[in-house]
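The chain contents come next:
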Amino acid sequence: MKKHRSFLPAVLVLLQLVTGGFAAGAQPVPVVRASQFPAGPVQEVMDGIVARLHAQKSLDEMRALDDARVMAFITPEERDTLATKYWCFDANVPVIVSVLRDEAQKVVPFWMAEEGFAKTALEVRNAKYAYEVWQKTFPAGRVGLGINGFEKHRPHYIVAVRPAKAGDKVALSNFFPADQQVSKLAKGAYVYHDWPDLVLTRVPRELKGQILLPTIRGRAREAHLIDDAFRITAHPATPAPDQIALTWSGDPETSQAIQWRTDLSVDNGTVRSRKQGSTDWTSTPAACCIIEDRMVENNARVRHFTAELTGLAPGTVYEYTVGADKDGRRSAPAAFTTAPSDAKPFTFLWMSDTHNRPETVPLLEKAVKRWPDTAFLNVSGDNVGTGQYGNDWDTLLGRWADFVKNRPYLPGMGNHDSIDGLGPELILALFDLPKNGPEGMAPGRAYSLRYGNALFVMLDVTEAPEKQAEWLENTLKNTDATWKFAVFHFPPFDPDANEPDIKKWWVPLFDRYHVDFALTGHVHHYLRTKPLRGGRVAASPKDGTIYCVTVSIPGSPQHIRKPRYAEAADFAENAFCNAFTVDGNRCTMQAIDQDGKLCDEVTVEK
Ligand SMILES: [Fe+2]
Ligand SMILES: [Fe+2]
């Protein structure tokens, strides 16, 4: 099973504050970049190249770029930066640096031969890729290497270092990017932090034991200019607010977070809200940031607003509009309902792997028609195809506009939302989520939320499970909720998955504190287990956790046999939306397929 752990240093997980614009007389507006690449000379050069391309070339011309055209477009200074300032370190003695380059990459990075790297006859392999080995001797001092290429070729090159003189002891320091891990080149070593299961299977004797510098696959996107690099969005921002979405960062009984966006011409925003039937509107100012995806040709920068309404009455309908006060562009009224303060019955929807695809819209509409009182939507990851693409989120929020402006959306983190180790900045910037997650992780990656008599624990499989275990235990231990739902992306019990870390760190806690349902996805099929405890079938739901996998877009049929621990499974190309109705000590889960047909149902009573 592929793993997709994030590696970016914590500092990059925070908002990148740069001067992006000023609201009149106010503080600089923070700019959130869709992809968190290491801030430095290469990023500056790429920003400049992309800006010049936007200014001088048509979209067709940009989409027709190839390596030769890019090389003709960039300046000698830019070329030098891209050749020598992308991956750097100091060596205390003369060293031989090996660049291990995927043989399947069509174009050798332009700088390798130019900078004096020579191809050897050596080859390194893992289960997926074969790497040719290029070498160069550097004197003691700064070693500077270049970009992976102008395409986004995922198997990024890897670096190995040894002393040029036998007997010298090599010490490397002053790395750029700064948070470089150092390991040893050997069979079994991993080379990508976002895919630690992909280990080296063949290492020539000449290279064994050398210093190995792993990376993340996402770095290949830092200089992405060719092969579908430039994108357009079907939903460019305008002065009118859109992408109005409800989430929660506080208590669903008394608060409501609301977000929306505009183009850059709008510099202020408020929510006006009132209890349904009241004549008094309350105005709540919104915080704003600029979200930037420089590769979206028709919508590279948008203004994003977030406001949190607090002090609301439980179980109450509120009407609201969003928009700018000054020029009067406001949304049509929409409404939301706060969570009840008692254990009144409620229904929520659960989908997974929606991947911003159109098929999710009729499915969601059928679900709302069947469960019109549904309180919110929970998605267990892979909300979109590429989490760092602004246009993917535009597509999703455009398609789900009618739902998410009236009912909160609880996005969970999937490998596609935080792809190739590049971090989840965009999803975290777009949605205001509870900031009660594990220490050391960016707020919103993992969180818990209490709704009625149910606890929802949203876990992030793109971070190490052990980093979330203590928080998970405390959260489960300290709740008096009747029902406990754990929501995360990779399924621990599924014929197409094997998650030893989740089984080791999370499953024993689900057992100890009796999580009722674990809601997962990723493998793009449907499966509901019998109640499991310690991985074994338990006598009843009172004794174990029911592990569910769902998928909300049609996939291709999978040739998998239903395992003995499964109660229900569907490995055909169906899409599903599940509804849970929690009513005191009774919880019923029902699933419909893309035709709206009820295809699975289970009721658990306490
Ligand atoms: Fe998926
Ligand atoms: Fe996935």
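Just above, that's the structure.
Presented here is a report on the structure given in the accompanying data block. Residues take numbers from 1 onward in each chain, read along the sequence in its written order. Naming scheme: in the order in which they are written, chains are lettered from A and ligands are numbered from 1. A pLDDT threshold of at least 70 governs which residues receive local features in this predicted model, and a stricter bar of 80 or more applies before side-chain atom pairs are shown or counted, although totals over entire chains, interfaces and linings include all residues. Neither water nor hydrogens contribute to the side-chain values; these are computed over all heavy atoms in the structure.

**Focus: the overall build of the protein**
Inference 1: From N to C terminus, the protein includes 13 helices and 34 strands.
Inference 2: Expressed along its principal axes, the backbone C-alpha trace of the protein runs to roughly 75 × 65 × 40 Å.
Inference 3: Every one of the 606 residues in the protein was classed for burial, and the buried ones make up 60%.
Inference 4: Residue pairs at least 24 apart in sequence account for 72% of intrachain contacts in the protein once pairs closer than 6 positions are excluded.
Inference 5: When the accessible surface of the protein is summed, it comes to about 23300 Å², and 50% of that surface belongs to carbon and sulfur atoms. Secondary structure elements follow DSSP: runs of H or I of four or more residues count as helices, runs of E of two or more count as strands, with numbering from the N terminus. Remark: exposure states derive from per-residue accessible area (1.4 Å probe, protein chains only) relative to the maximum for the residue type, with buried under 20%, exposed over 50%, and partly exposed in between. Only heavy atoms matter for contacts: two residues are in contact if any of them lie within 4.5 Å across the pair. For the area figures, the Shrake-Rupley method with a 1.4 Å probe applies, and any residue is considered shielded solely by the protein chains shown.

**Looking at the coordination of the iron ion (ligand 2)**
Inference 1: Each metal's donors are the N, O and S atoms within 2.8 Å of it, or within 3.2 Å when it is Na, K or Ca, and because water is not part of the set, sites may look incomplete. With distances of 2.1 to 2.2 Å, the protein atoms coordinating the iron ion (ligand 2) are Asp 382 (OD), Asn 415 (OD1), His 489 (NE2) and His 522 (ND1).
Inference 2: Given 4 donor atoms and angles of 85 to 160 degrees at the metal, the environment of the iron ion (ligand 2) is assigned as irregular.
Inference 3: Taken as a pair, the iron ion (ligand 2) and the iron ion (ligand 1) lie 3.5 Å from each other and share Asp 382 as a ligand. Residue Asn 415 is located in the loop between β22 (409-411) and α10 (425-430), and its partner His 489 is located in the loop between β25 (483-487) and α12 (500-505); the two are separated by 74 residues in the primary sequence. For the pair formed by Asn 415 and His 489, the shared burial category is buried. A four-donor site is classed as tetrahedral when every donor-metal-donor angle falls between 85 and 135 degrees; four donors are called square planar, and six octahedral, when trans pairs exceed 155 degrees and all remaining angles lie between 65 and 115, with any other arrangement labelled irregular.

**Some words on the nonpolar core**
Inference 1: The definition of a nonpolar core used throughout is a set of buried Ala, Val, Leu, Ile, Met, Phe, Trp, Tyr and Cys residues joined through side-chain atoms within 4.5 Å. One finds Leu 349, Phe 485 and Phe 517 to be the most contacted residues of the largest nonpolar core, which totals 71 residues.
Inference 2: Excluding residues within four positions of it along the chain, Phe 517 makes contact with Lys 484, Phe 485, Ala 486, Thr 545, Ile 546, Cys 548, Phe 580, Cys 587, Val 602 and Val 604.
Inference 3: Of all hydrophobic cores here, the second largest spans 47 residues; its members include Met 62, Val 70, Ala 223 and Ile 226.

**Observations regarding the pattern of salt bridges**
Inference 1: Between Lys or Arg on one side and Asp or Glu on the other, a salt bridge is scored when a side-chain nitrogen of the former is within 4 Å of a carboxyl oxygen of the latter. Under the counting rule described, the total for this entry stands at 36 salt bridges.
Inference 2: Arg 33 is the partner of Glu 292 in a salt bridge, and the nearest nitrogen-oxygen pair spans 3.7 Å. Note that Glu 292 is positioned in strand β16 (residues 287-292) and Arg 33 in strand β1 (residues 31-33), a separation of 259 residues in sequence.
Inference 3: Assessed through its relative accessible area of 12%, Glu 292 is described here as buried.
Inference 4: The residue Asp 420 makes a salt bridge to Arg 217 at a minimum N-O spacing of 3.8 Å. Here Asp 420 is found in the loop between β22 and α10, whereas its partner Arg 217 is found in the loop between β11 (211-213) and β12 (242-247), with 203 residues between them in sequence. For the residue pair Asp 420 and Arg 217, the accessibility class agrees, reading buried in each case.

**Some points on unusual backbone geometry**
Outside of glycine, negative phi angles account for most residues, and trans bonds account for most peptide bonds.
Inference 1: Following Phe 176, the chain continues to Pro 177 via a peptide bond in cis, the omega torsion being -5 degrees.
Inference 2: Mapped onto the secondary structure, Pro 177 falls in the loop between β8 (172-176) and β9 (183-184).
Inference 3: Non-glycine residue Asp 353 carries a positive phi angle of around 55 degrees.

**Topic: the side chain of Arg 330**
Inference 1: Among the structural elements, Arg 330 can be located in the loop between β18 (317-323) and β19 (334-337).
Inference 2: Under this definition, polar contacts are N or O atom pairs within 3.5 Å; protein pairs additionally need one hydrogen-donor-capable and one acceptor-capable atom, and for neighbouring residues in sequence, both atoms have to be side-chain atoms. Of note is the side chain of Arg 330, whose polar atom sits 2.9 Å from the backbone oxygen of Thr 270.
Inference 3: Polar contacts involving the side chain of Arg 330 include one to the side chain of Asp 325, which spans 3.3 Å.
Inference 4: Filtering out sequence-adjacent residues up to four positions away, Arg 330 remains in contact with Pro 241, Thr 270, Val 271, Arg 272, Thr 321, Val 322, Gly 323, Ala 324 and Asp 325.

**Regarding the sheet that holds β9**
Within a sheet, adjacent strands bond to each other through the backbone by hydrogen bonds, running parallel or antiparallel.
Inference 1: A pair of strands is treated as paired once DSSP finds two or more bridges between them. Taken in spatial order, the 7 strands line up as β9-β11-β7-β3-β5-β4-β10 in an open sheet, and their pairing is antiparallel. The open sheet has two free edges, formed respectively by β9 and β10 (200-202), since each of these has just one partner strand.
Inference 2: Pairing of strand β3 (residues 95-102) with strand β5 (residues 130-138) involves 8 bridges; the strand directions are antiparallel. In the strand pairing of β5, Val 97 is matched with Lys 136.

**Details of the coordination of the iron ion (ligand 1)**
Put simply, a metal with four donors set out as a tetrahedron has ideal angles of 109.5 degrees, and one with six donors set out as an octahedron has ideal angles of 90 or 180 degrees.
Inference 1: The coordination sphere of the iron ion (ligand 1), as far as protein atoms go, consists of Asp 353 (OD), His 355 (NE2), Asp 382 (OD) and His 524 (NE2), spread over 2.1 to 2.2 Å.
Inference 2: Bound by 4 donor atoms, the iron ion (ligand 1) shows angles of 87 to 170 degrees at the metal and therefore irregular coordination geometry.
Inference 3: Counting the intervening residues between successive donors of the iron ion (ligand 1) yields the motif D-x1-H-x26-D-x141-H.
Inference 4: For His 355, a relative accessible area of 11% corresponds to the buried category.

**Things to note about the sheet that holds strand β2 (residues 87-91)**
Inference 1: Judged by pairing direction, the sheet is antiparallel, and its 3 strands sit side by side in the order β6-β2-β8 without closing on themselves. The open sheet has two edge strands with one neighbour each: β6 (141-145) and β8. Geometrically, the sheet is characterised by an average inter-axis angle of 20 degrees between neighbouring strands, direction not taken into account.
Inference 2: The pairing of β2 with β6 spans 5 bridges and is classified as antiparallel. The residue bridging Ala 91 from the neighbouring strand is Gly 141, located in β6. A fitted line through C-alpha atoms serves as each axis, taken over the contacting stretch for helices, and the angle formed by two N-to-C directions is quoted from 0 to 180°.

**Some remarks on the environment of Val 457**
Inference 1: Its place among the elements puts Val 457 in strand β24 (residues 454-458).
Inference 2: Given a relative accessible area of 1%, Val 457 falls into the buried group.
Inference 3: Linking Val 457 and Arg 221, residues 236 residues apart in sequence, is a C-alpha distance of 32 Å.
Inference 4: Residues in contact with Val 457, not counting those within four places in the same chain, are Tyr 447, Ser 448, Trp 471, Leu 472, Thr 475, Leu 476, Phe 485, Ala 486 and Val 487.

**Some details on the side chain of Ser 249**
Inference 1: Structurally, Ser 249 is set in the loop between β12 and β13 (256-262).
Inference 2: The buried category is assigned to Ser 249, whose relative accessible area is 17%.
Inference 3: In terms of polar contacts, Ser 249 uses its side chain to reach the side chain of Glu 308, at 3.1 Å.
Inference 4: At a separation of 3.1 Å, a polar atom in the side chain of Ser 249 contacts the side chain of Asp 432.
Inference 5: Here Ser 249 is in contact with Ala 257, Glu 308, Asp 432, Leu 433, Pro 434 and Lys 435, once residues within four sequence places are set aside.

**As for the pairing of strand β27 (residues 526-529)**
Inference 1: Neither face of β27 is left uncovered, since the one carrying Tyr 526 and Arg 528 and the one carrying Leu 527 and Thr 529 both have all their residues buried.
Inference 2: The pairing of β27 with strand β31 (residues 566-570) spans 4 bridges and is classified as antiparallel. In the strand pairing of β31, Tyr 526 is matched with Asp 570.
Inference 3: Where β27 meets strand β30 (residues 546-549), 2 bridges bridge the pair, whose relative direction is antiparallel. Note that in β30 the partner of Arg 528 across the bridge is Cys 548.

**Quick word on the state of the cysteines**
Inference 1: Put simply, a disulfide is two cysteine sulfurs that come within 2.5 Å. Here the structure, examined in full by the defined rule, presents 0 disulfides.
Inference 2: Lacking any disulfide linkage, Cys 288 is separated from the closest cysteine sulfur, that of Cys 289, by 6.9 Å.
Inference 3: Unpaired in terms of disulfides, Cys 599 finds its nearest cysteine sulfur in Cys 577, a separation of 10 Å.

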